[in-house]
Amino acid sequence: MANRTGAPLPDIPGCSVELDDSGTYHLTHHSGRRAIAYTERQVILAGMALGALATLTDKSPQEFAEAPPLQPIGPPQERPEPAPAAIVWRPHVPRSPRPIRVYGHSCCRAYEWCCEAGQFFVLREGEHGRLEEAGRGVYAKARQVWDELLAEHARTHI
Ligand SMILES: [Zn+2]
């Protein structure tokens with residue numbers, strides 16, 4: 001199954017997943033219980049919840065089908081912000097005497113996912129071998145930059 005952009009929808013065991021024009025995912029578990037979600041992560045969590053509910057309940061399929069869909073806490077406008085358009089690279093200046101911890105790298109090591117003194121960032125080798133970093137900050141902020149770079153890298157891979 002694919003959405004209108006051609007990207008595959010999350011594959012959730014026991015569930016069908018559809019994406020409507022407003023960007024809302026609709027899950028229907030084979031038990032009849034439904035859920036809605038606004039992000040792929042919520043789809044995965046909702047799928048797990050539906051599976052658990054179907055296993056750990058004495059409700060009939062009929063009761064399931066009549067129950068309101070599970071939905072994420074909070075209104076739809078609390079979806080994650082779209083990633084910022086431009087990623088800013090700055091010269092990497094070590095902030096800790098301890099070595100940087102590298103937790104991951106892109107397929108051809110163009111980018112590295114790093115942690116230093118409790119801050120996360122993406123590292124790359126810029127011109128003349130100088131290290132540059134982007135997205136420095138808390139995990140969620142840096143991770144968004146990392147995910148975006150990896151997606152971009154995959155799209156432009158030759
Ligand atoms: Zn690569």
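Bear in mind the structure is a predicted one, so any value in this text is a computation, not a measurement.

**Q** An account of the overall build of the protein is needed here, citing residue identities and associated values.
**A** A tally of helices and strands in the protein yields three helices and eight strands. Within the protein, buried positions represent 22% of all 158 residues.

**Q** I'd like a description of helix 1 (residues 40–55), backed by residues and values.
**A** Relative to the 22 Å expected for 16 residues at 1.5 Å per residue, helix 1 spans 23 Å between its end C-alpha atoms, a close match to the ideal helical length. Of the residues making up helix 1, those classed as buried are Gln-42, Val-43, Ala-46, Gly-47 and Leu-50. The arc enclosing the buried residues of helix 1, seen along the axis, measures out at 140°, which places them on a common side. Turned more than 90 degrees away from the buried face of helix 1, the exposed residues are Arg-41, Ala-52 and Thr-55. Each element contacted by the buried residues of helix 1 is listed here: strand 1 (15–19), strand 2 (25–29) and strand 3 (34–37).

**Q** With reference to specific residues and values, describe the sheet that holds strand 8 (residues 131–137).
**A** Strand order across the open sheet formed by five strands is 4-8-7-6-5, with antiparallel pairing between neighbours. One side of each edge strand has no neighbouring strand; the edge strands of this open sheet are strand 4 (90–91) and strand 5 (101–105). In terms of strand pairing, strand 7 (residues 119–125) meets strand 8 through five bridges, oriented antiparallel. Opposite Arg-124, over in strand 8, you have Glu-132 as the bridge partner.

**Q** Any details on the sheet that holds strand 2? Residues and values, ideally.
**A** The strands making up a sheet are joined through hydrogen bonds of the backbone, oriented either antiparallel or parallel. What the three strands build is an open sheet, ordered 1-2-3; its pairing is antiparallel. Lying at the two open borders of the sheet, with one neighbouring strand each, are strand 1 and strand 3. Direction aside, neighbouring strands of the sheet carry axes that sit 20° apart on average. Here strand 1 pairs with strand 2 via five bridges, running antiparallel.

The rules behind the values
Residues numbered from 1 in each chain as written. Predicted model: local features only at pLDDT ≥ 70, side-chain atom pairs only at ≥ 80, totals over all residues. Helix = DSSP H or I, 4+ residues; strand = E, 2+ residues; numbered from the N terminus. Buried ≥ 20, exposed ≤ 12 C-beta atoms within 10 Å, placed from the backbone. Expected span 1.5 Å × (residues − 1). Arc of directions from axis to C-beta. Contact = placed C-beta atoms within 7 Å. Pairing = 2+ DSSP bridges. Axes fitted to C-alpha atoms, helices over the stretch in contact; angles between N-to-C directions.

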